Amino acid sequence: MFGFNIVMKSDVSFKSASVYDLTYNVQKNTLLNRGILEIGGIAIPQVAMSNNKDEAIERAGLSGFFFSLSFLAPLVMLPAINRFFLKHSGLVKDFRGAEKRILNVSKKYLNGDAQKMVKGIKDTGCELDIAKNTQNKHISAFNAILDRFSDKDDLRNKLINIHKNIYITDFWLTQLMMAGAQWICMEQTEWRTHKKGFSAAFKLKENNVDDKKYQAQKQKKMLASAIVATVPALIAPRIIMNAIAKNHNQLLSSKNIFKQQYGKFLNGIKKRADWFDYTDAIYMSKPIFALMWLLSDYPNCLICTRDKHEIKDKAIRMGTMNLMFFGGDFIISNILGRLCDKFMHTRVMHTEESAGIAKVGFFKRFLLPMKNLRELSSPDISGRTKTAGASLYWVSLLINMGLIGIGLPAMLNRILRNDIAKEKMQAKSTYTNIDFAIKNPVFNKFYESSMVE
């Protein structure tokens, strides 16, 4: 369910196998490490720091939905989706064997010709047999697929179409469920409290909402949520898979500047095809998750808001949380990793030499990441460096959790209280001016004269 066991066969090797394997599997699994960040950096601390009981219950419910969608859904949904499209294509005949593992072949082997794909299939089969300690099981299964297709270009096209259909379906269903989870939690709050509006502000101000207008807006927002969950899912995966599959020389050589730039954009995706791989053909990568968040998840979070206070809160909260998720751990681990290499004489960071590039300036050198645990599992890496790499991963994650779970909600709670206090002051000032006008002798004389007339 969670993508790992305490005792497992692994494609990394280190004496403290259970801890190192656990860390490695968390690191490589985007939804798993996001789920841990969700629990330790969002669900528990942000529920604890809620402004009232109703907000806490709503946040706990949303976190529960997200946790289920992050862990349960991929393990149940993706194998079923994979099987459906593999069976529909006729590519796999033996679903009990290792043929279904053909989806583990990276998309980087599909961005060239058929010869590159064949080599990639054979290399992947060999890698899987080594990682899982299965003697020629995957190589034999993949060779059976290759033998069934005399036209290797036909096989390549089938694999590309299968990946495209899986990506579209996963994108669409994931975003529908994410959007639905938010509406379910908000409806539950409304049903339980008989109040409308942002739950965080329930005890901070009067709950005066025009029910007819509120319900009309809610119906429009639900429709907008469904559209935002659907349209990007139908378009983005097609663009990405077409970018990987096709040659863009015609666009790149065009005299039209817009076609040239579009060609460069598609070519950039093509060169980074492995960014869009699923781990074990089940768990989405960070780039896939980032694209889903940018095109559907974040817009939907803003669409679902109930008033101006909530839209401000979610715009900052969700924007900062995801920036910290995609970039926070990188910055923290980068700083800590460089300090560790300098003072503890480890080798956890990539250098120009290890990255195979020429000497670069400070900022470009700073962008070189810490080595992942698979890279650190190499036999020529010392035990101290391996331990440091695994330790720094968890330390960086914990610091990130603290910033997201405590620092961010503390700031947002203060912003909300200040905004509502300003509203009350403005309302009080308006009422004071009206009261002064009514009590003013000039107003009274005008009122009396108008009554006489």
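One structure accompanies this document, and this report is about it.

Another point: the packing of aromatic side chains. Under the criterion given, the structure shown has 5 aromatic pairs. Aromatic pair Tyr393 and Trp394: ring centres 5.6 Å apart, planes at 80°, arrangement edge-to-face. Owing to a relative accessible area of 11%, Tyr393 belongs among the buried residues under this scheme. A cation sits over an aromatic face here: Arg83 above Phe95, 4.4 Å from the ring centre.

Another point: the environment of Gly125. Looking at where Gly125 falls in the secondary structure, it is placed in helix 4 (residues 114-132). Sequence separation between Gly125 and Asn104 is 21 residues, and the spatial gap between their C-alpha atoms is 8.9 Å. Setting aside chain neighbours within four positions, we find Gly125 in contact with His138, Ile139 and Phe142.

A separate point is the packing of helix 4 against helix 6 (residues 152-193). It is at 9 Å that the axes of helix 4 and helix 6 come closest, and there the two elements cross at 70°. Classed by the angle they form, the pair helix 4 and helix 6 counts as roughly perpendicular. Between helix 4 and helix 6, the contacting residues are Ala114, Met117, Val118 and Ile121 on the first element and Lys152, Asp153, Leu155, Arg156 and Leu159 on the second.

The grouping of Asp113, Asp151, Asp153 and Asp154 at the surface amounts to a negative patch. Looking at the element boundaries, Asp153 is found in helix 6. Given the relative accessible area of 43%, Asp153 is considered partly exposed.

Moving on: the packing of helix 4 against helix 5 (residues 137-148). Two numbers describe a pair of packed helices, the interaxial angle and the distance between the axes. Where helix 4 contacts helix 5, the axes come no closer than 7 Å and their chain directions differ by 155°. By the criterion of interaxial angle, the relationship of helix 4 to helix 5 is roughly antiparallel. In this structure, helix 4 meets helix 5 at a crossing whose hand is right-handed. Residues Val118, Ile121, Lys122, Thr124, Gly125, Cys126, Leu128, Asp129 and Lys132 of helix 4 form the contact with helix 5, whose participating residues are Lys137, His138, Ile139, Phe142, Asn143 and Leu146. Taken together, the residues of the contact of helix 4 with helix 5 sort by class into 7 nonpolar, 4 polar and 4 charged.

Let us look at a positive patch on the surface. Residues Arg83, Lys87, Lys100 and Lys137 make up a contiguous surface patch of positive charge. Of note, Lys137 is situated in helix 5.

Bringing the nonpolar core into the picture now. Counting 68 residues, the largest nonpolar core has Leu86, Leu91, Ile102, Ile121, Leu155 and Tyr167 as the members making the most contacts within it. Once you skip the residues sitting within four places of it in the chain, Leu91 turns out to touch Leu86, Glu99, Ile102, Ile145, Arg148, Phe149, Leu155, Lys158, Leu159 and Ile162.

On to the environment of Ala98. Turning to its location among the elements, Ala98 is positioned in the loop between helix 3 (53-89) and helix 4. In the structure, Ala98 is positioned 43 residues away from Ala141 in sequence and 5.7 Å away in space, judged by C-alpha atoms. In this structure Ala98 touches Lys137, His138, Ala141 and Phe142, once residues within four positions along its chain are discounted.

We now examine the environment of Pro237. Position of Pro237 among the secondary structure elements: in helix 7 (residues 211-245). Beyond its immediate sequence surroundings of up to four residues, Pro237 is in contact with Lys164, Tyr167, Ile168, Phe171 and Pro232.

Tracing the chain through its elements places Asn300 in helix 10 (residues 286-303). With residues near it in sequence (within four places) discarded, Asn300 still touches Ala179, Gln182, Ser225, Val228 and Ala229.

Conventions adopted
- Residues numbered from 1 in each chain as written.
- Predicted model: local features only at pLDDT ≥ 70, side-chain atom pairs only at ≥ 80, totals over all residues.
- Heavy atoms only, no water.
- Phe/Tyr/Trp six-rings, centres within 6.5 Å; stacked < 30°, edge-to-face > 60°.
- Buried < 20%, exposed > 50% of the residue type's maximum accessible area, 1.4 Å probe, protein only.
- Lys NZ or Arg CZ within 6 Å of the ring centre and 35° of its normal.
- Helix = DSSP H or I, 4+ residues; strand = E, 2+ residues; numbered from the N terminus.
- Contact = heavy atoms within 4.5 Å.
- Axes fitted to C-alpha atoms, helices over the stretch in contact; angles between N-to-C directions.
- Parallel < 35°, antiparallel > 145°, perpendicular 65-115°, else oblique.
- Patch = residues over 30% accessible without salt bridge, like charges linked within 9 Å, V, L, I, M, F, W, Y side chains within 5 Å.
- Areas by Shrake-Rupley, 256 points an atom, 1.4 Å probe, with all protein chains shown as cover.
- Salt bridge = Lys/Arg side-chain N within 4 Å of Asp/Glu carboxyl O.
- Lys, Arg positive; Asp, Glu negative; His and termini not counted.
- Charge placed at Lys NZ, Arg CZ, Asp CG, Glu CD.
- Left-handed = near helix turned anticlockwise from the far one by under 90°.
- Nonpolar A, V, L, I, M, F, W, Y, C, P; charged D, E, K, R; others polar.
- Core = buried A, V, L, I, M, F, W, Y, C linked by side-chain atoms within 4.5 Å.

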